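Coordinate inspection notes
Residue-level listing of the chains:
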Amino acid sequence: MLTVYIDFKSPACYLALLPTLALAEKYQVDIEWRAFKTVERPIPKLAGREELSLRHNQVRDLSKRKLFEKYAERQGIDLKFPSRSQEPSLALAVLNQLSAKRTDFVKLAFKAFWEAHENLDDADVVKSLLGKCGLPQDSFDEDKVRQQYDRDLEKAYASGIVEAPAYFIDQQLFIGREHFPWIEEILNSKTRFKDK
């Protein structure tokens, strides 16, 4: 089992989706998708006479965005950042409660957020995603899933998750998609051990 913590609004998580799915398929491992809330700062707008630190933040954030766009292009993804920041809290809360078709829901939610820029904190949008997955649209109580999501986040923080994507395998935590080689090494060693 590979546990993967994601946030639908995180470009790093979106770009990690296809490589994560490919890795799981290659090694025939199940993915347990878990929700996590990342902090995505808006790029500061400059008016002309800002402090150097604010300019530095803008340059760094623009550079990070360009890097995400470059990685997206390599995957054949047209990465379009939403014009305003949105929290996909309800979709993340519902993800943690799903007992089936989690991967289908994850794929559809990322597509809805990044391609259609839908509001994943809106109950009708989330119900529509559930319907597209073939799941009952009335399968959640909004207040209850939000409360449980808050408790789930506290557990994630307590376990050392500070950013997403985060991967938990073989009692080891890897934060960031740059750790794919190590994760694959663990999966490969488990596969070799199983074959003997």
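So, a few notes on the structure that sits alongside this text. (Residues numbered from 1 in each chain as written. Predicted model: local features only at pLDDT ≥ 70, side-chain atom pairs only at ≥ 80, totals over all residues. Heavy atoms only, no water.)

**Quick word on the side chain of Arg34**
Here Arg34 is to be found in strand β2 (residues 31-35). With a relative accessible area of 17%, Arg34 lands in the buried category. Once residues lying within four places of it in the same chain are set aside, the contact partners of Arg34 are Thr3, Val4, Tyr5, Ile6, Leu95, Asn96, Arg102 and Asp152. (Helix = DSSP H or I, 4+ residues; strand = E, 2+ residues; numbered from the N terminus. Buried < 20%, exposed > 50% of the residue type's maximum accessible area, 1.4 Å probe, protein only. Contact = heavy atoms within 4.5 Å.)

**Overview of the environment of Asn119**
Examined against the element boundaries, Asn119 turns out to sit in the loop between α4 (102-114) and α5 (123-132). For Asn119 and Ala109, which are ten residues apart along the polypeptide, the C-alpha to C-alpha distance reads 9.9 Å. Apart from residues no more than four positions distant in its own chain, Asn119 is found in contact with Gln86, Glu87 and Val125. A distance of 2.9 Å separates a polar atom in the side chain of Asn119 from the backbone nitrogen of Asp121. (Polar contact = N/O pair within 3.5 Å; in protein donor to acceptor, adjacent residues only side chain to side chain.)

**Structural notes on the side chain of Lys9**
Residue position: Lys9 is located in the loop between β1 (2-6) and α1 (11-26). A polar atom in the side chain of Lys9 sits 2.4 Å from the side chain of Asp7. Of the polar contacts made by the side chain of Lys9, one reaches the side chain of Glu87; its length is 3.2 Å.

**Concerning the packing of α4 against α5**
Where α4 contacts α5, the axes come no closer than 9 Å and their chain directions differ by 135°. Taken as axis vectors, α4 and α5 run oblique relative to one another. Crossing of α4 against α5: the hand is right-handed. Facing Phe105, Leu108, Ala109 and Ala112 of α4, the residues of α5 in contact are Val126, Leu129, Leu130 and Lys132. (Axes fitted to C-alpha atoms, helices over the stretch in contact; angles between N-to-C directions. Parallel < 35°, antiparallel > 145°, perpendicular 65-115°, else oblique. Left-handed = near helix turned anticlockwise from the far one by under 90°.)

**Overview of α5**
Looking only at α5, the buried set comprises Ala123, Val125, Val126, Leu129 and Leu130. The arc enclosing the buried residues of α5, seen along the axis, measures out at 165°, which places them on a common side. Along α5, the residues that are exposed and aim more than 90 degrees away from the buried face are Asp124 and Lys132. Buried residues belonging to α5 abut α3 (89-97), α4 and α6 (142-158). The N-cap residue of α5 is Asp122: its side-chain oxygen and the backbone nitrogen of Asp124 are 3.0 Å apart. Phi for Gly134, located one or two positions after α5, is positive at around 80°. (Arc of directions from axis to C-beta.)

**Re the pairing of strand β4 (residues 172-175)**
In terms of strand pairing, strand β3 (residues 166-169) meets β4 through four bridges, oriented antiparallel. Bridge pairing in β4 places Ile169 opposite Gln172. Count of turn residues in the β3/β4 antiparallel hairpin: two residues, of which Asp170 carries a positive phi of about 55°. (Pairing = 2+ DSSP bridges.)

**A look at the pattern of salt bridges**
Scanning the model with the defined rule gives seven salt bridges in all. When the shortest N-O distance is used, the salt bridge between Glu184 and Lys26 registers 2.7 Å. A residue pair is termed long-range when its members are at least 10 positions apart, and Glu184 in helix α7 (residues 180-195) and Lys26 in helix α1 qualify at 158 residues. When its relative accessible area of 23% is taken as the criterion, Glu184 is described as partly exposed. (Salt bridge = Lys/Arg side-chain N within 4 Å of Asp/Glu carboxyl O.)

**Describing the sheet that holds β1**
Across the sheet, four strands lie side by side as β2-β1-β3-β4; this open sheet has mixed pairing. In this open sheet, the two strands that pair with only one neighbour each are β2 and β4. Adjacent strand axes in the sheet meet at a mean angle of 20° when their direction is disregarded. Running over the sheet, α3 touches β1 and β2 and is turned about 140° from β2. Against the sheet, α4 contacts β1 and β2, and its axis sits at roughly 50° relative to β2.

**Quick word on the environment of Ala35**
Following the sequence through the fold, Ala35 ends up in strand β2. Its relative accessible area of 3% is what places Ala35 among the buried residues. Sequence separation of Ala35 and Asp7 is 28 residues, and the distance between their C-alpha atoms is 6.0 Å. Here Ala35 is in contact with Tyr5, Ile6, Leu92, Leu95, Asn96, Tyr149 and Leu153, once residues within four sequence places are set aside.

From the geometry alone we can't say anything about function, so treat these as descriptive.
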